[in-house]
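Each chain, letter by letter, is given below.
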Amino acid sequence: MAMIKLIATDLDGTLCNANHCLDQTIAEYIKKLSARRIEWVLASGRAMEIVEPLFAKYAFRCPVIALNGALVYDREGKLTQRWPMKTRQAQAMLHEIQKQGVLAVASMENGVWCSDPQAYRQRMETLVRRLPDPALFAQEHGFLSLAAKPWEQLGACYKIEIYDSRPALTDWARAAADFKVSVVHGDVIEMTDSVVSKAAALRQLCESRRLANEEVLCFGDSENDLEMLQEFRYGHIMRNAEEALLAQVNHIAPANTAYGVLRVIENYTGIPIGKEQA
């Protein structure tokens, strides 16, 4: 049995259920692992303001790798590391997004800019209506607070999301210099600085704790997780991931809808998911 000391998980499509939410079973298991001195880290493309409601609802806290690794927070929610995009490249990209008229959101130092707030809200409302329990999603997540100011007044840029499924636009984004690009959920093009990744943030976090590679268990389901899952020996991709991604990771976990993350952790640590017998 591996001596696991830290577990890093993506949220959507990985730890979260079909409603993109946690539940009490997951929260209690996280607390149980913490009591055994196994640290939990959330590694997500989400902004911290979308992660915070989870802590409030389920009464646990842990470090957070947010915006695909561009921002890192400690257990108490204090920002400890940040990797903004290079200023000139970010400004050029945002100018081009405005020129092309595509729907995009940029997570910036002093707020969240959106190229078309009304279209963004409509998109999110449509996605939420398709979920099994839209009311629960709204309660647990909320939506990003969009700034009324233009992006030029919002400081450094950490992550850009472009909402478009056209292959030509994906190719254009991937060709841009000094950016790391991944496509998730089929039509979301995510862009960060070229040095940013969940893998890099997790590696630095492990180095600060003097943890060996084989003491880390990590999970994800999307292109933005691949580097992390490939770098760490016990990286697991979820069964519900795209077929093209499954072949690129050595270990496959059961689907997120079957508590796949928890089941793999139970196998590695011997710590049962349910209540332990007296």
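In the block above lies the structure referred to throughout.
Rules used throughout
- Residues numbered from 1 in each chain as written.
- Predicted model: local features only at pLDDT ≥ 70, side-chain atom pairs only at ≥ 80, totals over all residues.
- Heavy atoms only, no water.
- Helix = DSSP H or I, 4+ residues; strand = E, 2+ residues; numbered from the N terminus.
- Rg over C-alpha atoms; globule rule 2.2 N^0.38 Å.
- Buried < 20%, exposed > 50% of the residue type's maximum accessible area, 1.4 Å probe, protein only.
- Contact = heavy atoms within 4.5 Å.
- Areas by Shrake-Rupley, 256 points an atom, 1.4 Å probe, with all protein chains shown as cover.
- Lys, Arg positive; Asp, Glu negative; His and termini not counted.
- Charge placed at Lys NZ, Arg CZ, Asp CG, Glu CD.
- Pairing = 2+ DSSP bridges.
- Axes fitted to C-alpha atoms, helices over the stretch in contact; angles between N-to-C directions.
- Core = buried A, V, L, I, M, F, W, Y, C linked by side-chain atoms within 4.5 Å.
- Arc of directions from axis to C-beta.

> Even after reading the chapter, I still don't get the overall build of the protein, so can you show me in this structure?
The helix and strand tally for the protein stands at 11 helices and 13 strands. A compact globule built from 278 residues should have a C-alpha radius of gyration of about 19 Å, and the protein, at 18 Å, falls within 12% of that. The C-alpha extent of the protein, read off along each of the three principal axes, is 65 × 40 × 35 Å. Taking all 278 residues of the protein together, 51% fall into the buried category. Residue pairs at least 24 apart in sequence account for 61% of intrachain contacts in the protein once pairs closer than 6 positions are excluded. Element-wise, carbon and sulfur atoms account for 48% of the exposed surface of the protein, whose accessible area totals about 13,000 Å². Taking the 31 positively charged and 35 negatively charged side chains of the protein as two groups, their mean positions are separated by 4 Å.

> How do you make sense of the sheet that holds strand β8 (residues 157-163) when you look at a structure like this?
What links the strands of a sheet is backbone hydrogen bonding, and the strands pair in either a parallel or an antiparallel sense. Read across the open sheet, the five strands follow the order β7-β6-β8-β10-β9; overall the sheet is antiparallel. Edge positions in the sheet fall to β7 (111-114) and β9 (179-184), since each has one partner strand and no second. Shown here is a sheet whose adjacent strand axes are inclined to one another by a mean of 20°, direction ignored. Direction of pairing for strand β6 (residues 104-108) relative to β7: antiparallel, over a ladder of four bridges. Directly across from Ala106, in β7, lies its bridge partner Trp113. Sitting on the sheet, helix α7 (residues 167-175) touches β8, β9 and β10 (188-193), and the angle it makes with β9 is about 155°.

> Please clarify how the nonpolar core should be interpreted in this entry.
If you look at soluble globular proteins, the nonpolar side chains tend to sit buried side by side. Among the nonpolar cores identified, the biggest contains 53 residues, and Leu15 and Trp40 are the most heavily contacted of them. At six residues, helix α3 (residues 48-58) tops the list of elements feeding residues into this core.

> What is the right way to read helix α8 (residues 198-208) from this model?
Helical periodicity: at 3.6 residues per turn, an α-helix aligns residues three or four positions apart in one direction. All of the buried residues in α8 are Lys198, Ala199, Ala201, Leu202, Leu205 and Cys206. The buried side chains of α8 occupy one side of the element, clustering within an arc of 165° when seen end-on. Of the exposed residues in α8, those oriented more than 90 degrees away from the buried face are Glu207 and Ser208. For α8, the secondary structure elements touched by its buried residues are β1 (6-9), β2 (39-43), β3 (64-66), β4 (71-73), β11 (216-220) and α9 (226-231). Looking at the residues trailing α8, positive phi occurs at Arg210, about 55°.

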